[in-house]
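Descriptive analysis of the structure
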Amino acid sequence: MDKDATMPAQLYRNARIFTSDRRTWAESLVVVGDRLTYVGDEATAARVAGPDALIHDLDGATVLPGFVDGHAHVVGTGEAAVQVDLWGANTVAEIQRRIRTWAEENPEAPRVLATGWKHGDIPGGTPDRSMLDAIVADRPVYAQAYDFHSIWLNSAALAEAGIDDATPSPPGGTIHRDERGAATGLVDETAMHHLVWPVLDRFADDSDRDEALAVVLAAYAESGIVGSTEMALGEADYEAMRRADEASALTTRIAAFWRVQPTGDEGSNLAQVERAVELATHRATPFLRVTGIKVMVDGTVDGCTAALGKPYANGANTDPIWSLAELAPVVAAADAAGLQVAMHAIGDEAIRVAIGAVEHAVALNGPKERRHRIEHLEVVDPADIERLAALGITASMQPVHADPAIQENWRRVLGDERVDRGFPWPEMTDAGAVLALGTDSPTSPHAPLPNMFIAATRRSALDPSLPANIAHYALPLADAIVHATRDAAWASRSEQLHGRLAEGLYADFIVLDRDIFTRPLEELLDTRVLRTVVGGRVVHQAQPGANR
């Protein structure tokens, strides 16, 4: 019997319930223990609940399945929340002002951590350590780019990380240098992963990670996220999640993809897959499980590290981080073990590598149930959309990355007709692929309702006055919500847990302060979540006074 199944039923009535299921609308739902036992009309719900039910009259409020973030970095979102916020800085002077202010207000902090700058904020897109040295020279400064594919260090941070002019760049990454060969302070992709992030990890302990997780769980509950798809799980973050799960402190269900780093050695690559198999097999709970592996096939358009079929506007290009020959054995091994594979691929050349790796797995392992995924798909050839759909590959995409307020540099570095097909969400579903929506927080804000505004309008949640970014790619609001609930759950094999409001699933749902389906789409930016329920338990209750 489910936990608390002997408790009285809970009847939620007098509501407008969007189910994300085959029967789209309902009036009432019944919760017994942590599960839904009925979703439908009010009279039947009352009979199912029985005379002793605890009644919640919602006064006509709109109810949705709780959002499932289809792509996120959970602990990282909590960590970013307490760093210097560079979102919207837009100029070097403003970046410097915010970092200087934080440093002055925190004189005893041993180092300064910041996040959120964009390549377009910096003249030429190439920051230099001297810009940070000018404001903080007495301690290390680590400024993470908004996309988390580049990091900008001052001279003290370079020294702390052990990076000097002679340090070689690892395969798939770059220590940027000036014309004299001196390290500029900009480090991207695998160079950041191997040389900088491990240094920062040494300065964080279990209590720091536990606190970051608590911060993000509170933010998730307040914004209506009941499930999240962790897209770069490592040992330290996993242990923080496991500790919270064992303490019954997780209020968001986490489906995780274990990060597999390229090592240049097939045996070492496959050993990482085996660790994911071990965790997926032995340690799954209703709130925490490893469902697959994650590989980074390329970088980002903004940093000119996404692998493209033809060069950027400046004539430059880059190779994929994983070649098909290196990636195919990893994908095949994970596929044979029943794991999902999520592949970060933004550029069209990287997308072709990812599709080719799945084709190899299908040919090698034969027919079986698969749910492999490609993450982002920002610059994609129509022919490859047809290929991925035919292979059953999920298109995992993030509306927040198409926000017009952050598109100027993206468009400039491509500079041709490719900008007119950026982020083509409807092309995925038209081809028959499942589309799962998420945020990729902390590379973008985590809140799902502004994300739905961008999905339904292609306009900016950061600056709604801006014109739409390729307006004909906008999604109907109801479809966007389905992609961010039902389809996002399906894409991580969580469809029997939540993502819909249907009998037998966990009672994971949210109550809104207005009917978003009948009000102007702009109101999505102001809509509040009045109540978030996870497993029948209220994990967020808004303060009185919200208007519907």
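What counts and how
- Within each chain, residues carry numbers counting from 1 in the order of the written sequence.
- Local features in this predicted model are restricted to residues whose pLDDT is 70 or higher, and side-chain atom pairs enter the listing and the counts only when it is 80 or higher, whereas totals over whole chains, interfaces and linings include all residues.
- With hydrogens and water excluded, all non-hydrogen atoms of the structure serve as input to the side-chain values.
- By definition, any uninterrupted DSSP run of H or I lasting at least four residues is a helix, any uninterrupted run of E lasting at least two residues is a strand, and each is numbered from the N terminus.
- Radius of gyration: C-alpha atoms only; globule rule: 2.2 Å multiplied by the number of residues to the exponent 0.38.
- Exposed residues in this analysis have more than 50% of their type's maximum accessible area, buried residues have under 20%, and partly exposed residues fall in between, with area computed by a 1.4 Å probe over protein chains only.
- Methods summary: accessible areas were calculated by the Shrake-Rupley approach with a probe of 1.4 Å, and residue burial reflects only the protein chains presented.
- Paired strands, in this sense, are two strands between which DSSP finds at least two bridges.
- We call two residues in contact whenever any of their non-hydrogen atoms come within 4.5 Å of each other.
- Axes here refer to lines fitted to C-alpha atoms; in helices the fit is confined to the stretch in contact. Angles between the N-to-C directions go from 0 to 180 degrees.
- Pairs were defined over the aromatic rings of Phe, Tyr and Trp, the Trp ring being its six-membered one, requiring ring centres within 6.5 Å. Orientation was assigned from the angle between planes: stacked under 30 degrees, edge-to-face over 60, tilted for the rest.
- Here a salt bridge means any side-chain nitrogen of Lys or Arg lying within 4 Å of a carboxyl oxygen belonging to Asp or Glu.
- Geometric relationships in this document are graded by angle, where less than 35 degrees denotes roughly parallel, more than 145 denotes roughly antiparallel, 65 to 115 denotes roughly perpendicular, and other angles denote oblique.
- Definitions for this section: a left-handed crossing has its near helix turned counterclockwise from the far helix by less than a right angle. A right-handed crossing has that turn clockwise.
- Classification convention: Asp, Glu, Lys, Arg as charged; Ala, Val, Leu, Ile, Met, Phe, Trp, Tyr, Cys, Pro as nonpolar; all other residues, Gly among them, as polar.

Of regular secondary structure, the protein possesses 17 helices and 22 strands. Since a compact globule built from 548 residues should have a radius of gyration of about 24 Å, the 23 Å found for the protein is in line with a globular shape. Dimensions of the protein, computed from C-alpha atoms along their principal axes, come out at roughly 80 × 60 × 45 Å. Within the protein, the fraction of its 548 residues that count as buried is 57%. Counting every atom, the protein has about 20700 Å² of accessible surface; 51% of that belongs to carbon and sulfur.

Okay, the sheet that holds strand 12 (residues 183-189) next. Strand order in the open sheet formed by six strands is 7-8-9-10-12-11, with mixed pairing between adjacent strands. The sheet is open, and its two edges are formed by strand 7 (84-85) and strand 11 (173-177), each paired on a single side. The pairing of strand 8 (residues 112-117) with strand 9 (residues 141-145) spans five bridges and is parallel. Residue pairing across strands places alanine 114 opposite alanine 143, the latter belonging to strand 9. Strand contacts of helix 3 (residues 92-105): strand 7, strand 8, strand 9 and strand 10 (150-153), with the helix running at about 155° to strand 8, the strand carrying the most contacts. With respect to the sheet, helix 6 (residues 190-202) is in contact with strand 8, strand 9, strand 10, strand 11 and strand 12, its orientation differing from that of strand 12 by roughly 105°.

Quick look at helix 16 (residues 477-484) now. Within helix 16, six of the eight residues are buried, which leaves the element mostly enclosed by the surrounding structure. Taken residue by residue, helix 16 has Leu477, Ala480, Ile481, Val482, His483 and Ala484 as its buried positions.

Judged by pairing direction, the sheet is parallel, and its eight strands sit side by side in the order 6-13-14-15-16-17-18-19 without closing on themselves. Across the chains shown, the open sheet's two edge strands, defined by having one partner strand only, are strand 6 (67-72) and strand 19 (435-437). Strand-to-strand twist of the sheet, defined as the mean angle between neighbouring strand axes without regard to direction, takes the value 25°. Contacts from helix 9 (residues 266-282) reach strand 14 (253-259) and strand 15 (288-296), with the element oriented near 160° to strand 15.

What you see with strand 10 is no split at all: Ser150 and Trp152 on one side and Ile151 and Leu153 on the other are buried throughout. Pairing of strand 9 with strand 10 involves three bridges; the strand directions are antiparallel. From the neighbouring strand, alanine 143 faces strand 10, where its bridge partner is tryptophan 152. Where strand 9 folds back onto strand 10 in an antiparallel hairpin, the turn is made up of four residues, including phenylalanine 148, whose phi is positive at roughly 60°. Note: strand 10 against strand 12, three bridges, orientation antiparallel. If you follow isoleucine 151 over to strand 12, its bridge partner there is valine 187.

This next bit is on the packing of aromatic side chains. Following the criterion strictly, the structure yields seven aromatic pairs and no others. When the centroid spacing of 5.3 Å and the interplanar angle of 70° are considered together, the rings of phenylalanine 18 and tryptophan 25 count as edge-to-face. By relative accessible area, which is 34% here, tryptophan 25 ends up partly exposed. Ring centres of tryptophan 410 and phenylalanine 423 lie 5.0 Å apart, and the angle between their planes is 35°; on these two criteria the pair is classed as tilted.

It is worth spelling out the pattern of salt bridges at this point. Tallying each qualifying case throughout the model produces 38 salt bridges. Among the ionic pairs, arginine 180 bridges to aspartate 178, the shortest N-O distance being 3.0 Å. The shortest N-O distance in the salt bridge between arginine 243 and aspartate 210 comes to 2.8 Å. Separated by 33 residues along the polypeptide, arginine 243 in helix 8 (residues 235-246) and aspartate 210 in helix 7 (residues 206-223) bring together distant segments of the chain. A relative accessible area of 30% means that aspartate 210 is categorised as partly exposed. Bridged by salt links that share partners, the residues Asp348, Glu349, Arg352, Glu359, Asp384 and Arg387 form one connected network.

This part takes up the packing of helix 9 against helix 10 (residues 324-336). It is the contact of helix 9 with helix 10, at a shortest axis distance of 10 Å, that shows an interaxial angle of 30°. Classified by the angle their axes make, helix 9 and helix 10 are roughly parallel. Once helix 9 is placed against helix 10, the crossing between them reads as right-handed. Counted together, Glu266, Asn269, Leu270 and Val273 of helix 9 and Pro329, Val330, Ala333 and Ala334 of helix 10 form the full contact between these two elements. Here the residues of the contact of helix 9 with helix 10 are counted per class, giving six nonpolar, one polar and one charged.

Bringing the environment of leucine 327 into the picture now. Structurally, leucine 327 is set in helix 10. Between the alpha carbons of leucine 327 and valine 295 there is a distance of 8.6 Å; along the sequence they are 32 residues apart. Ignoring sequence-local partners within four residues, the contact set of leucine 327 consists of Val295, Val297, Trp322, Met343, Val353, Ala354 and Ala357.

For the rest of this paragraph, the subject is the packing of helix 10 against helix 11 (residues 348-365). Look at helix 10 against helix 11: their axes get within 8 Å of each other, and the N-to-C directions meet at 50°. Looking at the two axes, helix 10 sits oblique to helix 11. Every pair of crossing elements has a handedness; the one defined by helix 10 and helix 11 is right-handed. Along the contact surface, helix 10 presents Leu324, Leu327, Ala328, Val331, Ala332, Asp335 and Ala336, while helix 11 presents Val353, Ala354, Gly356, Ala357, Val358, His360, Ala361, Leu364 and Asn365.

Right, let's get into the side chain of threonine 251. Secondary-structure assignment places threonine 251 in the loop between helix 8 and strand 14. Judged by relative accessible area, which is 14%, threonine 251 ranks as buried. Beyond its immediate chain neighbours, meaning those up to four positions away, threonine 251 contacts Leu217, Phe287, Val534, Arg537 and Val539.

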